[in-house]
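Here is how the chains run, residue by residue.
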Amino acid sequence: MSPRAAYSRLQIALHWLIAVLIAATWLTHENMGRALKARIETGASGFEGNTPHVWLGITVFVLVLIRIVVRRVKGAPGPLPGATPLMEKAALWGHRLLYLLMVLTPALGAVAWNAPSRTVGEIHETVGGALMLVALAHALVALWHQYVKKDGSLTRITRPQG
Ligand code: HEM
Ligand code: HEM
């Protein structure tokens, strides 16, 4: 896991594909509260409630698991030029938090849907909201690095190495 100058082609593809799929899952959440209520009331089981939100979310879950394995094998580029130890720690823990939320959100959604459980559904909503907020903050910090600090942050996740 020696430091490289950029993420690999596969890591970059997964980063952007997952970001788009998370946005799509978010945008299709609209009727899920009602669908879950109906599922609880009718005692429905299995996958008859075949909604884009569920399928997109499960795809995110599977791709994130693959991405974590790839990350462990390929590692990540070293610290950004000019990064202080505090900034390095913030990036490390910020990224770990994003991975955790990306696993937890769809996993909780799947439990809420299949149990089915209103309470787990509410926890899923809260954790999903946290994922969106942290991802937004992450994107803003990335843009700040790229265009204010000009340390090539975005280049590492757009131009592959390895
Ligand atoms: C990255 C993945 C996901 C994100 C970002 C996400 C996000 C959300 C959000 C924001 C809501 C709130 C809707 C509202 O306020 O009415 C919601 C609801 C819901 N989602 Fe997801 N979701 C994801 C994956 C999944 C998966 C994989 C499933 C099921 C297999 C699922 C099942 C549900 C259910 C059942 C609800 C309704 C919860 C309730 O009203 O109590 N979600 N989701
Ligand atoms: C749902 C949306 C997103 C999620 C969940 C997400 C998640 C992540 C994670 C977990 C990493 C760390 C990769 C690793 O070290 O293994 C990362 C890297 C990165 N992301 Fe995102 N990301 C999202 C959207 C964005 C957007 C919109 C931008 C740009 C505007 C962006 C810019 C970056 C950059 C520049 C890096 C590399 C940081 C570095 O060089 O250390 N991300 N992203």
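What this report covers is the structure whose coordinates are included nearby. (Residues numbered from 1 in each chain as written. Chains lettered and ligands numbered in written order. Predicted model: local features only at pLDDT ≥ 70, side-chain atom pairs only at ≥ 80, totals over all residues. Heavy atoms only, no water.)

In this structure, L65 sits in helix α3 (residues 52–74). Residues L65 and P116 lie 51 residues apart in sequence; the distance between their C-alpha atoms is 24 Å. (Helix = DSSP H or I, 4+ residues; strand = E, 2+ residues; numbered from the N terminus.)

The local shell around ligand 2 holds 20 residues, among which H15, R71, Y99, H138 and R156 are the closest. Interatomic distance of 2.5 Å between a side-chain N/O atom of R71 and an oxygen atom of ligand 2. At a separation of 2.6 Å, an oxygen atom of ligand 2 approaches a polar side-chain atom of R156. Taking a 2 Å distance to the grid points as the criterion, the majority of the atoms of ligand 2 fall inside the largest pocket. (Near = heavy atom within 4 Å. Polar contact = N/O pair within 3.5 Å; in protein donor to acceptor, adjacent residues only side chain to side chain. 1 Å grid on protein atoms, 1.4 Å probe; cavity = no way out; pocket = protein on both sides within 12 Å on 5 of 7 lines; lining within 4 Å. Sits in = over half its atoms within 2 Å of the grid points.)

This paragraph deals with the coordination of the iron atom of ligand 2. Ideal geometry at a metal centre gives angles of 109.5 degrees when four donors are arranged tetrahedrally and 90 or 180 degrees when six donors are arranged octahedrally. At this site the iron atom of ligand 2 is bound by H15 (NE2) and H138 (NE2), with donor distances of 2.0 Å. Bound by 6 donor atoms, the iron atom of ligand 2 shows angles of 87 to 179 degrees at the metal and therefore octahedral coordination geometry. Note that H15 is positioned in helix α1 (residues 9–27) and H138 in helix α5 (residues 118–149), a separation of 123 residues in sequence. The exposure class assigned to H15 is buried, which follows from its relative accessible area of 15%. (Donors = N, O, S within 2.8 Å, 3.2 Å for Na, K, Ca; no water. Tetrahedral: all angles 85-135°; square planar, octahedral: opposite > 155°, others 65-115°. Buried < 20%, exposed > 50% of the residue type's maximum accessible area, 1.4 Å probe, protein only.)

Glancing now at a nonpolar patch on the surface. A contiguous nonpolar patch, built from L136, L140, V141, L143, W144, Y147 and V148 and spanning about 720 Å² of accessible area, is present on the exposed surface. Structurally, V148 is set in helix α5. Overall, V148 belongs to the exposed group, its relative accessible area being 55%. (Patch = residues over 30% accessible without salt bridge, like charges linked within 9 Å, V, L, I, M, F, W, Y side chains within 5 Å. Areas by Shrake-Rupley, 256 points an atom, 1.4 Å probe, with all protein chains shown as cover. Salt bridge = Lys/Arg side-chain N within 4 Å of Asp/Glu carboxyl O.)

Next up on the list: α3. Here α3 contains 23 residues, and its C-alpha end-to-end distance of 32 Å stays within 8% of the 33 Å for a straight helix at 1.5 Å per residue. Those residues of α3 that sit buried are H53, V54, G57, V60, L63, V64, R67 and V70. On its buried face, α3 sits against α1, α2 (32–42), α4 (85–114) and α5. Of the residues trailing α3, G75 is marked for its positive phi of about 70 degrees. (Expected span 1.5 Å × (residues − 1). Contact = heavy atoms within 4.5 Å.)

This next bit is on the packing of aromatic side chains. Taken as a whole and assessed by the stated rule, the structure comprises 0 aromatic pairs. We note R39 situated over the ring of W113; from NZ or CZ to the ring centre the distance is 4.2 Å. Positioned over the ring face of W93 is R96, at 4.6 Å from the centre of the ring. (Phe/Tyr/Trp six-rings, centres within 6.5 Å; stacked < 30°, edge-to-face > 60°. Lys NZ or Arg CZ within 6 Å of the ring centre and 35° of its normal.)

All of the protein donors around the iron atom of ligand 1 are H53 (NE2) and H124 (NE2); their distances to the metal are 2.0 Å. Viewed at the metal, the 6 donor atoms of the iron atom of ligand 1 are separated by angles of 88 to 179 degrees, and the geometry they form is octahedral. In this pair, H53 is assigned in helix α3 and H124 in helix α5, connecting sequence segments 71 residues apart. H53 gets classed as buried once you look at its relative accessible area, which sits at 13%.

Limitation: the analysis is restricted to geometry and does not speak to function.
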